[in-house]
Amino acid sequence: MASKSIITDCDIKSGVEIEEFSVIHNSEVGKNTHIWRFVNVYGATIGNNCMIGSLVEIQEGAKIGDRCRIQSHAFICSLVTIENDVFVSHGAKFVNDLYPPSDEWKETIVREGASIGTNATILPVEIGRNAIVGAGAVVVEDVPENAIVVGNPAEIIGYADE
């Protein structure tokens, strides 16, 4: 772990690499996970064998499964659960408040094996197993298992298993 990072009240498992200038507070980080520079994590759980890219923020109560890749500049807000083997590309953003500012936050679940494209915006929905969200998509409704969605608002254009 780099000495120029701030790590407090955390459960950091073996083999974890944390690059300099990251701030991690009150969080659990699973085995063999690599956290790059300038990452903020507070009150979150990150699984084993993950990669968290530079300039990512993961907020309180967020849960990230095993073997996930969260690319640079992604924003994972509270009440987001990301299951195992999910890819979140650069600049993807999750939203938990439909009518900000309010106290009525809602949950998002990204099921196992899903892939979220660059600069996608994900409102409180469920993204199905192995679904693909295209770059720049704005997801306002649940995405079925294996569906491929693109656009604003995101629409199904096919299925990955066809």
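Note that the structure is predicted; figures quoted are calculated from it, not measured. Think of each chain on its own: its residues are numbered from 1, step by step along the sequence as written. For this predicted model, a pLDDT threshold of at least 70 governs which residues receive local features, and a threshold of 80 or more governs which side-chain atom pairs are given and counted, while totals over whole chains, interfaces and linings are taken from all residues. The side-chain values count all of the structure's non-hydrogen atoms but skip hydrogen atoms and water molecules.

This brings us to the environment of Arg69. By the element assignment, Arg69 lies in strand E12 (residues 69–70). Sequence separation between Arg69 and Ala44 is 25 residues, and the spatial gap between their C-alpha atoms is 15 Å. Any two residues having at least one pair of non-hydrogen atoms within 4.5 Å are treated as being in contact. In this view, Arg69 contacts Met51, Val86, Phe87 and Val88; residues no more than four positions away in its chain are not counted. Polar side-chain contacts of Arg69 include one of 3.3 Å to the side chain of Gln71. To qualify as a helix, a DSSP run of H or I must reach at least 4 residues; to qualify as a strand, a run of E must reach at least 2; elements of each kind are numbered from the N terminus. Polar contacts, as used here, are pairs of N or O atoms within 3.5 Å; protein pairs need one atom able to donate a hydrogen and one able to accept it. Residues neighboring in sequence count only if both atoms are side-chain atoms.

Here, a strand pair is defined by DSSP locating no fewer than two bridges between the strands. Here we have nine strands laid out as an open sheet, ordered E3-E6-E9-E12-E15-E18-E21-E23-E24, and mixed in their pairing. Only two strands of the sheet have a single partner each, and these edge strands are strand E3 (17–18) and strand E24 (155–159). Note that strand E15 (residues 87–88) and strand E18 (residues 115–116) share two bridges and pair parallel. Pairing of Phe87 across the sheet is with Ser115, part of E18.

For Asn49, the location among the structural elements is in the loop between strand E8 (45–46) and strand E9 (51–52). For the pair Asn49 and Val39, spaced 10 residues apart in the sequence, the C-alpha separation amounts to 17 Å. Not counting chain neighbours up to four residues away, the residues in contact with Asn49 comprise Lys31, Asn32, Thr33, Arg67 and Cys68.

For Phe, Tyr and Trp, rings pair up if their centres lie within 6.5 Å, where Trp contributes its six-membered ring, and each pair is then called stacked (planes under 30 degrees apart), edge-to-face (over 60) or tilted (otherwise). The tally for this structure, following the rule as stated, stands at one aromatic pair. Between the aromatic rings of Phe21 and Phe38, the centroid separation amounts to 5.2 Å while the plane-to-plane angle is 10°, which identifies the pairing as stacked. Of this pair, Phe21 sits in the loop between E3 and strand E4 (23–25) while Phe38 is found in the loop between strand E6 (34–35) and strand E7 (40–42), placing the two residues 17 residues apart along the sequence.

Let us now look at the pattern of salt bridges. Pairing between side chains becomes possible if they bear opposite charge and their charged atoms approach one another. Salt bridges are identified by distance alone: a Lys or Arg side-chain nitrogen within 4 Å of an Asp or Glu carboxyl oxygen. Enumeration over the complete set of coordinates arrives at seven salt bridges. With a closest N to O distance of 3.9 Å, Glu19 and Arg37 form a salt bridge. Of this pair, Glu19 sits in the loop between E3 and E4 while Arg37 sits in the loop between E6 and E7; the two residues are 18 residues apart in sequence, bridging distant segments of the chain. Under the relative-accessibility criterion, Glu19 is labelled buried at 17%. The buried label applies to any residue whose accessible area, calculated with a 1.4 Å probe on protein chains only, is under 20% of its type's maximum; exposed applies above 50%, and partly exposed to all values in between. Residue Arg37 is classed as partly exposed on the basis of its relative accessible area, which comes to 30%. Between Arg111 and Glu83 there is a salt bridge, with the nearest N and O atoms lying 2.6 Å from each other. Of this pair, Arg111 sits in the loop between strand E17 (108–110) and E18 while Glu83 sits in the loop between strand E14 (80–82) and E15; the two residues are 28 residues apart in sequence, bridging distant segments of the chain. Looking at Glu83, the relative accessible area reads 24%, which means it is partly exposed.

Keep in mind that these numbers describe shape and distance, not what the molecule does.
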